[in-house]
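Here is what each chain is made of, one letter per residue.
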Amino acid sequence: MLKIEDMTMRFGGVIAANKFNAHIKKGQIVGLIGPNGAGKTTIFNVITGVYKPTEGQIKFNANGKEHDITGIRPDEIAKLGICRTFQNIRLFKDMSVLDNVFIANHLRIKSNVFSSIFRIPSYKKEEKEMLEKSLYLLDRVGLLEEKDEKAHSLPYGKQRRLEIARALATEPKLLLLDEPAAGMNPQESNELMEFILNIKEEFDLTVFLIEHHMDVVMGTCEEILVLDHGVLIAQGDPEAIQSNQRVIEAYLGVE
Ligand SMILES: Nc1ncnc2c1ncn2[C@@H]1O[C@H](COP(=O)(O)OP(=O)(O)OP(=O)(O)O)[C@@H](O)[C@H]1O
C-alpha cells in the first residue's frame, strides 16, 4: 500500500532521515519507534507532503493504481486516502465537536466553495449525508453527547478521539497517528489502542503509528520499525524487536 524508497530528508546540515525504506502492506498496523529526534515525525511529514524529500520516492497504492506521491501537495495526498493526526492535537478549538467532524467531510465530498455558498440542491443532499456521517462517527468514538460543546472544552483523551473521528470523516485508507497515546495513563492508552484496532477493522484501514508507550506498540503492532538518527536500525514483529540487541542499546535500554 505504501512504499518509501531510499528516502533522505536533510534540513541544512541535519539529516533527519537517511536512506529510509519501508513497505506497509494493506490492512497492517505498523509502529514507528525511536528516541527523540530520530526522525519519526519527519517521515510522516514527508509521506503527507509537508516536505519534499531531498532524495528518494514515496509510492501509494490507491484505487488499484500506484501513485508516485513524492512532493505532491498535502491536499492531493489526503484525497488519495492518507490522513494523519498530529503530535500536538490540531482541532478547530472554538468550533463545536460536531462542526470539527462536519467540516472534514468536505475533503471526502470534494464540494466546492461555489456550491456551498449558493446552496445548490445537490449540495443540500450532500450536506444531509455529511451530517448523518458526522453524527455516526461521533457516536462511534463515544462523543455524541458532547456534539454541541466547544472542542477545547473536552478533556485531553476525548480531544484525541475527536481528532480520530475527524480523520475518519475523510474516509482514509491509510491512517497515520503521531503519538496517539501521548499524555495518557496506561488504562487510557490501552482503551485508545483497543478502539484503534476496532476502527481499523470497521473502516478497513491500514495504520502507521508513532508511539513512545512501548507496551502500546508491542501489544498492538504487527510490525515495528526502529529508527535511530534517521536510520532504520531494525524491523520485525514485537518479539524480534524486543530481543534485538541493537534496539535495546539504542532505545529500549535508555527508556
Ligand atoms: N523543519 C525542520 N527544520 C530543521 N530541522 C528539523 C525540522 N524538522 C525536524 N528537524 C530536525 O530533524 C530531526 C528529526 O526530528 P523529528 O521531529 O522528525 O524527530 P522525532 O523522532 O519525531 O522526535 P520526537 O520523538 O521528539 O518527536 C531533529 O534533529 C529535528 O531537529
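Residues numbered from 1 in each chain as written. Predicted model: local features only at pLDDT ≥ 70, side-chain atom pairs only at ≥ 80, totals over all residues. Heavy atoms only, no water.

Considering the domain arrangement of the chain
It is common to give the size of an interface as the accessible area lost on bringing the parts into contact. The domains assigned to the chain are domain 1 (1-81 + 172-254) and domain 2 (92-169). On the side of domain 2, 13 residues touch domain 1, which itself brings 21 residues to the contact. Summed over both partners, the interface of domain 1 with domain 2 buries about 1,400 Å², with 71% contributed by carbon and sulfur atoms. When the area that domain 1 buries against domain 2 is broken down by residue, the three leading residues are Lys79, Phe195 and Phe203, summing to 35%. Put simply, domain 1 and domain 2 have one salt bridge between them. Its salt-bridge partner being glutamate 202, residue arginine 140 comes within 2.3 Å of it at the nearest N-O pair. Here domain 1 is connected to domain 2 by five residue pairs in polar contact (both at pLDDT 80 or more). Elements with a minimum of two residues in the side of domain 1 that touches domain 2: α2 (74-80), β7 (174-178) and α7 (186-202). With seven residues, the single largest contributor to the side of domain 1 that touches domain 2 is α7. (Domains from an automatic or database assignment. Contact = heavy atoms within 4.5 Å. Buried area = accessible area lost by both parts, 1.4 Å probe. Salt bridge = Lys/Arg side-chain N within 4 Å of Asp/Glu carboxyl O. Polar contact = N/O pair within 3.5 Å; in protein donor to acceptor, adjacent residues only side chain to side chain. Helix = DSSP H or I, 4+ residues; strand = E, 2+ residues; numbered from the N terminus.)

Overview of the state of the cysteines
Applying the stated criterion across every chain yields a total of zero disulfides. Between cysteine 83, a free cysteine, and cysteine 221, which holds the nearest cysteine sulfur, the sulfur-to-sulfur gap is 18 Å. (Disulfide = S-S within 2.5 Å.)

Regarding the pattern of salt bridges
Under the definition given, this model contains 14 salt bridges. With a shortest N-O distance of 3.6 Å, arginine 73 and glutamate 76 are connected by a salt bridge. Classification of arginine 73 as partly exposed rests on a relative accessible area of 48%. The partner of glutamate 201 in a salt bridge is lysine 200, with the nearest N and O atoms 3.6 Å apart. (Buried < 20%, exposed > 50% of the residue type's maximum accessible area, 1.4 Å probe, protein only.)

Examining the layout of surface pockets
Taken as a whole, the second largest pocket spans an internal volume of roughly 160 Å³. The wall of the second largest pocket is formed by Val141, Gly142, Leu143, Gly157, Lys158, Arg161, Met184, Glu188, Glu191 and Leu192. Broken down by secondary-structure element, the contributors of at least two residues to the lining of the second largest pocket are α6 (156-169) and α7. Each residue belonging to the lining of the second largest pocket can be placed in one class, and the counts come to four nonpolar, two polar and four charged. Of the domains in this structure, domain 1 (1-81 + 172-254) and domain 2 (92-169) are the two that each give at least three residues to the lining of the second largest pocket. (1 Å grid on protein atoms, 1.4 Å probe; cavity = no way out; pocket = protein on both sides within 12 Å on 5 of 7 lines; lining within 4 Å. Points joined across faces, edges and corners; volume = space filled by probe spheres on them. Nonpolar A, V, L, I, M, F, W, Y, C, P; charged D, E, K, R; others polar.)

Some details on the nonpolar core
Residues Ile33, Leu162, Ile164, Ile196, Ile224, Val226 and Ile241 are the most contacted members of the largest nonpolar core, which totals 45 residues. If you tally residues by element for this core, the top one is α6, at six residues. Both of domain 1 (1-81 + 172-254) and domain 2 (92-169) provide at least three residues apiece to this core. Each residue touching isoleucine 224, except ones within four places of it in the same chain, is listed here: Gly31, Ile33, Val217, Met218, Ala234, Gln235, Gly236, Pro238 and Ile241. In this structure, Leu2, Phe60, Ile69 and Phe208 belong to the second largest nonpolar core, which totals 29 residues. (Core = buried A, V, L, I, M, F, W, Y, C linked by side-chain atoms within 4.5 Å.)

Focus on the site of the ligand
Lining the immediate surroundings of the ligand are 14 residues, of which Gly37, Lys40, Thr41, Thr42 and Tyr51 lie closest. Between the ligand and threonine 42 there is a distance of 2.5 Å, counted from an oxygen atom to a side-chain nitrogen or oxygen. Between the ligand and glutamine 87 there is a distance of 3.2 Å, counted from an oxygen atom to a side-chain nitrogen or oxygen. When the ligand sits alone it has 640 Å² of accessible area, and the protein chains cover 64% of it. Where the shell around the ligand is concerned, the elements lending two or more residues are β2 (14-24) and α1 (40-47). Per-element tally for the shell around the ligand: the top contributor is α1, with three residues. Partitioned by chemical class, the residues of the shell around the ligand number six nonpolar, seven polar and one charged. (Near = heavy atom within 4 Å. Areas by Shrake-Rupley, 256 points an atom, 1.4 Å probe, with all protein chains shown as cover.)

Some thoughts on the sheet that holds strand β5 (residues 65-68)
Overall, antiparallel pairing links the four strands, which are arranged β2-β1-β4-β5 in an open sheet. Both outer strands of the open sheet, β2 and β5, are each paired with one neighbouring strand and no more. Strand-to-strand twist across the sheet, computed as the mean angle between neighbouring axes with direction ignored, equals 25°. Here strand β1 (residues 2-11) runs beside strand β4 (residues 55-62); their pairing, made up of five bridges, is antiparallel. (Pairing = 2+ DSSP bridges. Axes fitted to C-alpha atoms, helices over the stretch in contact; angles between N-to-C directions.)

As for α7
Taking 1.5 Å as the rise per residue, α7 with 17 residues should run 24 Å; its terminal C-alpha atoms sit 24 Å apart, in good agreement. Buried residues of α7: Ser189, Leu192, Met193, Phe195, Ile196, Ile199 and Lys200, and no others. In an axial view of α7, the angular spread of the buried residues amounts to 160°, which keeps them on one side of the axis. Relative to its buried face, α7 has exposed residues pointing more than 90 degrees away, namely Pro186, Gln187, Glu194 and Glu201. The distance from a side-chain oxygen at the start of α7 to the backbone nitrogen of glutamine 187 is 3.1 Å, and the residue carrying that oxygen is asparagine 185. Within two residues after α7, aspartate 204 carries a phi angle of roughly 55°, on the positive side. (Expected span 1.5 Å × (residues − 1). Arc of directions from axis to C-beta.)

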